[in-house]
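Examining the three-dimensional arrangement
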Amino acid sequence: MTASTSRPERARAEDPRTARTKARLRESLLAECGSGRELTEVSVSAVVRRAGVGRATFYLHYEDLPALAVDACAEVVHAAVDALHAWQTGPGSVAPLRPPAALAEYLSGVAGHAALYRSLLLAGGGGPLGERLHRELRDRARSERLAVGAPHADLVASAVAAAFTGVLADWLHGLVPDTGPPALADRIWALLIALHRALPPTD
């Protein structure tokens, strides 16, 4: 799947002052949730106070805190796509048997804001963050399979995106217990490699 091209396009079109204000609001929300607080425990007042902006400014850019949270967590989606493809150093690169170090690092970072992500990534992979993660992972996997002529691009891309998103969500919700980031990275990697290799070419 190719990484979404909409992010840099939006960045170019956005007024620099608006971009800075939204960045401060995103950073403020992540800081408010950094001590394990759920999104429901955070207030708009606390976020704008930490960000140094007014409530009117907040509502100029975001409908509510969940909308800000989805925006703040967008980098998590891009980081996941990048981590899963960190091994690709050039055209025709062969996936290694072990996951790239970036995958375990990514999972460790997610664990640091688990309470926030759980509110946006529901068990099973649903929720606004889950939908976005699934879409971007699927797009990247599909594009890469098409680029190398691998079979069943649509089917495998959907399976890969669903597997990663679902496992990540269930891990955050405690449904994949007693698994630290390095061990989970190993298991997810083996699962995704198996999915990529599961179906032979059609005649």
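Structure's up top.
Here's what I pulled together on the structure shown here. The structure displayed is predicted, hence computed values, not measured ones. Here the residue index of a chain counts from 1 through its sequence in written order. Thresholds applied to this predicted model are a pLDDT of at least 70 for local features of residues and 80 or more for the giving and counting of side-chain atom pairs; totals over whole chains, interfaces and linings are not thresholded and use all residues. As a convention, hydrogens and water are excluded, and side-chain values are obtained from all of the structure's heavy atoms.

All right, on to the overall build of the chain then. Counting its secondary structure elements, the chain contains 11 helices and 0 strands. Here a strand is any run of E in DSSP of at least two residues, a helix any run of H or I of at least four, and the numbering for each starts at the N terminus. When the helices and strands of the chain are listed from N to C terminus, the series reads α-α-α-α-α-α-α-α-α-α-α. Out of the 203 residues belonging to the chain, those deemed buried represent 40%. Contacts between residues were defined by any pair of non-hydrogen atoms, one from each residue, lying within 4.5 Å. Long-range contacts, defined as pairs at least 24 residues apart, comprise 70% of the intrachain contacts of the chain with a sequence gap of at least 6. Accessible surface, the chain: about 10400 Å² in total, of which carbon and sulfur atoms supply 56%. Summary of the burial criterion: residues with accessible area below 20% of their type's maximum are buried, those above 50% are exposed, and those between are partly exposed, where the area comes from a 1.4 Å probe applied to protein chains only. Each accessible area value is a Shrake-Rupley result obtained with a 1.4 Å probe; residue values ignore everything except the protein chains displayed when judging cover.

Convention adopted: a line fitted to C-alpha atoms gives each axis, helices being fitted over their contacting stretch, and angles between N-to-C directions are expressed from 0 to 180 degrees. At a closest axis distance of 9 Å, the pairing of helix H10 (residues 153-172) and helix H11 (residues 181-197) adopts a crossing angle of 160 degrees. For the element pair H10 / H11, the angle class is roughly antiparallel. When you trace H10 past H11, the crossing you get is right-handed. From H10, Val 156, Ala 159, Val 160, Ala 163, Phe 164, Val 167 and Trp 171 reach across to H11, where they touch Pro 181, Leu 184, Ile 188, Leu 191, Leu 192, Leu 195 and His 196. For this classification, the nonpolar set comprises Ala, Val, Leu, Ile, Met, Phe, Trp, Tyr, Cys and Pro, the charged set comprises Asp, Glu, Lys and Arg, and every other residue, Gly included, is treated as polar. Among the residues making up the contact of H10 with H11, the classes are represented as 13 nonpolar, 1 polar and no charged. An angle below 35 degrees is treated as roughly parallel, one above 145 as roughly antiparallel, one from 65 to 115 as roughly perpendicular, and anything else as oblique. By the definition used in this description, the sense in which the near helix is turned from the far one sets the handedness, with an anticlockwise turn below a right angle giving left-handed and a clockwise turn giving right-handed.

Here the focus is empty space enclosed by the protein. The way it works is a 1 Å grid over only the protein atoms, where trapped points that fit a 1.4 Å probe form a cavity and open points with protein on both sides within 12 Å along at least five of seven lines form a pocket, and then any residue with an atom within 4 Å of a point lines it. Grid points are joined across faces, edges and corners, and a volume is the space filled by probe spheres set on the points. On inspection of all chains with the given rule, the structure shows 1 cavity of 30 Å³ or more. Considered as a void within the structure, the largest cavity measures approximately 40 Å³ in volume. Along the walls of the largest cavity sit Val 76, Val 77, Tyr 106, Val 110, Tyr 117, Leu 121, Leu 129, Leu 133, Leu 168 and Leu 172, which together make up its complete lining. Going through the elements one at a time, helix H6 (74-84), helix H7 (101-112), helix H9 (127-148) and H10 are the ones with two or more residues in the lining of the largest cavity. Looking at the lining of the largest cavity, its residues break down into 10 nonpolar, no polar and no charged.

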